[in-house]
Amino acid sequence: MQRKPIIAGNWKMNKNAAEGAALVEEIVAAVGQDHAVEVVVCPPFTALESVSSKLESSGVKLGAQNLYPEASGAYTGEISAEMLRHLFASYVILGHSERRAYFAEDDAFINRKVRHAIANQLRPILCVGETLEERDGGKTLEVVRRQLEGGLEGVENGDAPLLVIAYEPVWAIGTGKTATPEMAQEVHAFIRQILAKRFNKTAAGKIRILYGGSMKPSNAAELLAQADIDGGLIGGASLEAKSFFELIQAAKQRS
Ligand code: PGA
């Protein structure tokens, strides 16, 4: 099954509007018209517009880092899917471990966001992953299953191809520690099995499953060589054009 790899940059709370535009200009220039890898940048809300304006004639796609699952109304501080679509976002990161940990987002709330994103033509990048304590306690697969099943509740079979899943072991995020390619592949294969049960084998075979957690140019090739690792969700290494582009090149070997 041929799946087009995705390299997605999660800028987190970094880059103001001007810095974001400058970074994405460099990325767009480096990528050119090469469409072998799907490249996505996810700036903070305040840089979406400036970044979007630089993407017009490029193949690089825009993603947001969150949304609120209502159309509009009295939700102070929140951003709707429609507002994101208006800025030409096509992806949205949901269920990131930082949102689960710092903002107490649970699977039920994340599930509302996933369904809301799909209903508004935004492709969710649903993040799942275990903490170090959970891994040490032998609970990795149980946690990943719960987050995946909870996050995908009520999603129709026909919408499965819109989904992107990111496996991000929490202990590997921003720590410099990466899961070994074998550890990551084991979980990725497990995720695909769950997706096959939840939807069907054909649909599961089409869903891109990204690895995230200290992915960088020095370790990307061996991670991306694994059968079920279809790309990366990149934090730190997405903040500079050079390292981000090197990751795109690494993913190209897979395409
Ligand atoms: P990192 O972050 O690449 O800096 O570890 C990845 C993520 O949290 O998406």
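Residues numbered from 1 in each chain as written. Predicted model: local features only at pLDDT ≥ 70, side-chain atom pairs only at ≥ 80, totals over all residues. Heavy atoms only, no water.

With that out of the way, let us pick up the sheet that holds strand E2 (residues 38–42). Overall, parallel pairing links the 8 strands, which are arranged E1-E2-E3-E4-E5-E6-E7-E8 in a closed barrel. On average, adjacent strands in this sheet sit at an angle of 25 degrees to one another, irrespective of strand direction. Bridge count for strand E3 (residues 61–64) against strand E4 (residues 91–94) is 2 bridges, and the pairing is parallel. Within E4, the residue paired with glycine 63 across the bridge is tyrosine 91. This element, helix H2 (residues 48–55), spans E2 and E3 of the sheet and lies at about 165 degrees to E3. (Pairing = 2+ DSSP bridges. Helix = DSSP H or I, 4+ residues; strand = E, 2+ residues; numbered from the N terminus. Axes fitted to C-alpha atoms, helices over the stretch in contact; angles between N-to-C directions. Contact = heavy atoms within 4.5 Å.)

Within the structure, the ligand sits among 13 residues, and Lys12, His96, Glu168, Gly174 and Ser214 are positioned closest to it. Glycine 236 places a polar main-chain atom, nitrogen or oxygen, 2.9 Å from an oxygen atom of the ligand. Expressed as a share of its isolated accessible area of 280 Å², the protein-covered part of the ligand is 95%. (Near = heavy atom within 4 Å. Polar contact = N/O pair within 3.5 Å; in protein donor to acceptor, adjacent residues only side chain to side chain. Areas by Shrake-Rupley, 256 points an atom, 1.4 Å probe, with all protein chains shown as cover.)

This model, assessed by the stated rule, comprises 16 salt bridges. Across the pair glutamate 38 and lysine 61 runs a salt bridge, and its minimum N-O distance is 3.3 Å. You can see glutamate 38 sitting in strand E2 and its partner lysine 61 sitting in strand E3, a full 23 residues away along the chain. A relative accessible area of 10% means that glutamate 38 is categorised as buried. We classify lysine 61 as partly exposed; its relative accessible area is 30%. Note that glutamate 149 and arginine 145 form a salt bridge whose closest N and O atoms lie 3.4 Å from each other. In this pair, glutamate 149 and arginine 145 both sit in helix H7 (residues 140–151), 4 residues apart, roughly one turn of the helix. Since its relative accessible area comes to 32%, arginine 145 is described here as partly exposed. (Salt bridge = Lys/Arg side-chain N within 4 Å of Asp/Glu carboxyl O. Buried < 20%, exposed > 50% of the residue type's maximum accessible area, 1.4 Å probe, protein only.)

Below, the discussion takes up the packing of helix H1 (residues 17–31) against helix H11 (residues 241–252). With their axes 10 Å apart at the nearest point, H1 and H11 run at an angle of 35 degrees to one another. The handedness of the crossing between H1 and H11 is right-handed. Only Ala241, Phe244, Phe245 and Ile248 of H11 make contact with H1, whose side of the interface consists of Leu23, Glu26, Ile27, Ala30 and Val31. Grouping the amino acids of the contact of H1 with H11 by side-chain chemistry returns 8 nonpolar, no polar and 1 charged. (Left-handed = near helix turned anticlockwise from the far one by under 90°. Nonpolar A, V, L, I, M, F, W, Y, C, P; charged D, E, K, R; others polar.)

Taking 1.5 Å per residue, 15 residues should reach 21 Å; H1 reaches 21 Å between its end C-alpha atoms and fits that length. Taken as a whole, H1 has its buried residues at Gly20, Ala21, Leu23, Val24, Ile27, Val28 and Val31. Mapping the buried residues of H1 onto a view down its axis gives an arc of 165 degrees, with all of them on the same face. In H1, the exposed positions that point more than 90 degrees away from the buried face belong to Ala18 and Ala29. In the core, the buried residues of H1 are packed alongside E2, H2 and H11. Capping the start of H1, asparagine 16 holds a side-chain oxygen 3.1 Å from the backbone nitrogen of alanine 18, two or three residues further along. Where H1 ends, the next residue or the one after it, glycine 32, has phi of about 60 degrees, a positive value. (Expected span 1.5 Å × (residues − 1). Arc of directions from axis to C-beta.)

This part is about the side chain of serine 52. Here serine 52 shows up in helix H2. The contact partners of serine 52, leaving out residues within four places of it in the chain, are Leu62, Leu87 and Phe88.

These figures capture arrangement, not role.
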